[in-house]
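Working through the structure, step by step
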Amino acid sequence: MKKLFTKSLSRSLDPKGRLMLPPEYREGLCADGGSGTFWLTAFYGRLVAYLPADWDMVTEQLGSIPMPSPRLSHFKTKVMGLAQELEPDAQGRVRIPQVLMREAGLHKDAMLVGMLNKFEIWDQERFNALQLEDVSDELSGLGITLSL
């Protein structure tokens, strides 16, 4: 897995809903001949940005679900229906569509969180409210052992 997005930092949206991407993120979007574009969608109270090839894999996997339950069908519809392809302008800003801002509860202050091959955009207050819970049993069930 490529480690293109590793930093996490706070940013403010301008009055037009534009977010300045840090230089490291812009470099990650252009790594390996990338065009600089990315796909942005919302789920679980945050925005998630995918490189085009990774977004293609997400949509292929979602599209391959034969007869999803109504719950899964609604998840698929929302995630795919909200997705927007974005490209930073010459100054490295992206305008986040209002529908995505509403879905993620995004206001003025945002937290960008690098997740290696993708990044997340959180409303700063929502991010600050996240609680770390004991997930050691879930990790163990997945065969993951972390030294904390």
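Just above, that's the structure.
Description of the structure in this document.

Rules used throughout
- Residues numbered from 1 in each chain as written.
- Predicted model: local features only at pLDDT ≥ 70, side-chain atom pairs only at ≥ 80, totals over all residues.
- Heavy atoms only, no water.
- Helix = DSSP H or I, 4+ residues; strand = E, 2+ residues; numbered from the N terminus.
- Rg over C-alpha atoms; globule rule 2.2 N^0.38 Å.
- Buried < 20%, exposed > 50% of the residue type's maximum accessible area, 1.4 Å probe, protein only.
- Pairing = 2+ DSSP bridges.
- Axes fitted to C-alpha atoms, helices over the stretch in contact; angles between N-to-C directions.
- Contact = heavy atoms within 4.5 Å.
- Core = buried A, V, L, I, M, F, W, Y, C linked by side-chain atoms within 4.5 Å.
- Salt bridge = Lys/Arg side-chain N within 4 Å of Asp/Glu carboxyl O.

Our next topic: the overall build of the protein. Each helix and strand counted, the protein has 6 helices and 8 strands in total. Counting from the amino terminus, helix and strand elements in the protein follow one another as β-β-α-β-β-α-α-β-β-α-β-β-α-α. Its C-alpha atoms give the protein a radius of gyration of 16 Å, within 12% of the compact-globule value 15 Å for 148 residues. Considered along the principal axes of its C-alpha atoms, the protein spans approximately 45 × 40 × 35 Å. The buried share among the 148 residues of the protein stands at 36%.

Right, let's get into the sheet that holds strand S1 (residues 8–12). Each strand in a sheet pairs with its neighbour through backbone hydrogen bonds, running either in the same direction (parallel) or in the opposite one (antiparallel). One open sheet accounts for 6 strands, arranged S1-S7-S8-S4-S3-S5; its pairing is antiparallel. In the strand order of this sheet, the two ends are held by S1 and strand S5 (84–86), each with one partner. For this sheet, the mean angle separating the axes of adjacent strands, direction not counted, is 30°. Sheet topology note: the strand S3 (residues 38–43)/S5 ladder contains 3 bridges and is antiparallel. When the bridges of S5 are listed, Trp 39 appears paired with Glu 85. This element, helix H1 (residues 23–30), spans S1, S3, strand S7 (109–114) and strand S8 (118–123) of the sheet and lies at about 50° to S7.

Our next topic: unusual backbone geometry. Of note in this structure, Asp 32 is not a glycine but carries a positive phi near 55°. Mapped onto the secondary structure, Asp 32 falls in the loop between H1 and S3. The exposure class of Asp 32 is exposed, given its relative accessible area of 64%. Look at Leu 116: it is not a glycine, yet its phi comes out positive at around 70°. Mapped onto the elements, Leu 116 comes out in the loop between S7 and S8. By relative accessible area, Leu 116 is classed as partly exposed at 32%.

Take the nonpolar core next. Of all hydrophobic cores here, the largest spans 24 residues; its most connected members are Phe 38, Leu 40, Leu 47, Ile 96, Phe 119 and Ile 121. Non-local contacts of Ile 121, meaning those with residues more than four positions away in its chain, are made with Leu 19, Leu 40, Arg 46, Leu 47, Ile 96, Leu 106, Ala 110, Met 111 and Leu 112. Ranked by size, the runner-up nonpolar core spans 8 residues in total, among them Phe 43, Val 48, Leu 62 and Val 79.

Let's shift gears to the pattern of salt bridges. Under the definition given, this model contains 5 salt bridges. A salt bridge links Asp 14 to Arg 18; the shortest N-O distance between them is 2.6 Å. On the basis of relative accessible area, Arg 18 is assigned to the partly exposed category, the value being 22%.

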